[in-house]
Amino acid sequence: MYYSSQYCCSNLSRKLFFYDSEKKYKFLIVRAQDVATYVEYKAADLGIAGLDVLYEHNNDVLELFDLNIGFCTMVVAGKDKNCFAYKNRSVRVATKFVNIAKRHFVSKGINAEIIKLYGSIELAPLLGIADCIVDIVSTGATLKENGLKVIEPIFESTAFIIANKISYYTKYDQINSLLEAVK
Ligand code: PRP
């Protein structure tokens, strides 16, 4: 029933699910980006997912409880504030968060070309393939060590317990007693 993201067991098993000692809950091990998809399609009743991932994928799930962990900020970052300066072309934005970046630049009325990358996003402005990036910042060390600055914050993100909409009503008591235990 219960579902976790990257909080994996430390043994070398490749088994992707396990049970608690009372066999009351089944835990699945999946990528953070896939948690809400498994919950939306009811492969899991509950999951733990960051708002960054939820806003990117826009899954049809209930955000039940803010765990107040996994703090980070979604930001636009670049070498300096002039990274948006007029260039006779769209602003090039490198990111893992394509939908968040698109929505952000549309809301600002800025024509942006979104360049999808899968990691090490900070390299893109350094190597000249992007004017800026949209990415999460936690300690700020990665930006700093690569000579980038926060140009503007987009939103704060923390990890939430999320639920499948049908499960929340059909397993209301079970889910709420689990939530109470977490609180
Ligand atoms: C994330 C994010 C930044 C970094 C920020 O990357 O994309 O690169 O963490 O953390 P900091 O502010 O504490 O330095 P992740 O570690 O997931 O690696 P990735 O670049 O391979 O996606």
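Worth saying up front: this structure is predicted, and the values here are computed from it rather than measured. (Residues numbered from 1 in each chain as written. Predicted model: local features only at pLDDT ≥ 70, side-chain atom pairs only at ≥ 80, totals over all residues. Heavy atoms only, no water.)

Quick word on the side chain of D131
Inspection of the secondary structure puts D131 in the loop between helix 4 (123–126) and strand 8 (132–137). One polar contact links D131 to R89, side chain to side chain, over a distance of 2.9 Å. Of note is the side chain of D131, whose polar atom sits 2.7 Å from the backbone nitrogen of R92. Residues within four places of D131 in sequence aside, it is in contact with G78, C83, K87, R89, S90, V91, R92 and P125. (Helix = DSSP H or I, 4+ residues; strand = E, 2+ residues; numbered from the N terminus. Polar contact = N/O pair within 3.5 Å; in protein donor to acceptor, adjacent residues only side chain to side chain. Contact = heavy atoms within 4.5 Å.)

Thoughts on the pattern of salt bridges
One pass over the structure, following the stated rule, counts 6 salt bridges. The shortest N-O distance in the salt bridge between R92 and E113 comes to 3.3 Å. Of this pair, R92 sits in strand 6 (residues 91–95) while E113 sits in strand 7 (residues 112–116), and the two are 21 residues apart along the sequence. The exposure class of E113 is partly exposed, given its relative accessible area of 37%. Note that K183 and E180 form a salt bridge whose closest N and O atoms lie 3.7 Å from each other. Each of the two residues, K183 as well as E180, counts as exposed. (Salt bridge = Lys/Arg side-chain N within 4 Å of Asp/Glu carboxyl O. Buried < 20%, exposed > 50% of the residue type's maximum accessible area, 1.4 Å probe, protein only.)

Points about a nonpolar patch on the surface
Taken together, the side chains of L123, L126, L127 and I129 present a nonpolar region at the surface, about 360 Å² in accessible area. For L127, the location among the structural elements is in the loop between helix 4 and strand 8. (Patch = residues over 30% accessible without salt bridge, like charges linked within 9 Å, V, L, I, M, F, W, Y side chains within 5 Å. Areas by Shrake-Rupley, 256 points an atom, 1.4 Å probe, with all protein chains shown as cover.)

Quick notes on the site of the ligand
In the vicinity of the ligand, the contacting residues are K96, G119, S120, E122, D135, I136, V137, S138, T139, G140, A141 and T142. Measuring from an oxygen atom of the ligand, one finds a side-chain N or O atom of T139 at 2.6 Å. Between T142 and the ligand, the recorded distance is 2.4 Å, taken from a side-chain N or O atom to an oxygen atom. Considered on its own, the ligand offers 490 Å² of accessible surface; in the complex 65% of this is hidden by protein. Here the residues of the shell around the ligand sort into 3 nonpolar, 6 polar and 3 charged. (Near = heavy atom within 4 Å. Nonpolar A, V, L, I, M, F, W, Y, C, P; charged D, E, K, R; others polar.)

Observations regarding the environment of A36
If you trace the backbone, A36 turns up in helix 1 (residues 35–40). Exposure remark for A36: the relative accessible area of 1% places this residue in the buried category. Ignoring any residue separated from it by four or fewer positions in sequence, one finds A36 in contact with L54, N59, V61 and I162.

A look at the sheet that holds strand 4 (residues 62–66)
Adjacent strands of a sheet form backbone hydrogen bonds with each other and so pair up, either parallel or antiparallel. The 3 strands lie next to each other as 3-10-4, forming an open sheet whose pairing is antiparallel. Both outer strands of the open sheet, strand 3 (46–50) and strand 4, are each paired with one neighbouring strand and no more. Each adjacent strand pair in this sheet contributes to an overall mean axis angle of 35°, direction not counted. Of the pairings in the sheet, the one linking strand 3 to strand 10 (residues 159–163) comprises 5 bridges and is antiparallel in character. For I48, the partnering residue across the bridge sits in strand 10 and is I161. The sheet contacts of helix 7 (residues 172–182) involve strand 3, strand 4 and strand 10, and relative to strand 4 the element is tilted by about 25°. (Pairing = 2+ DSSP bridges. Axes fitted to C-alpha atoms, helices over the stretch in contact; angles between N-to-C directions.)

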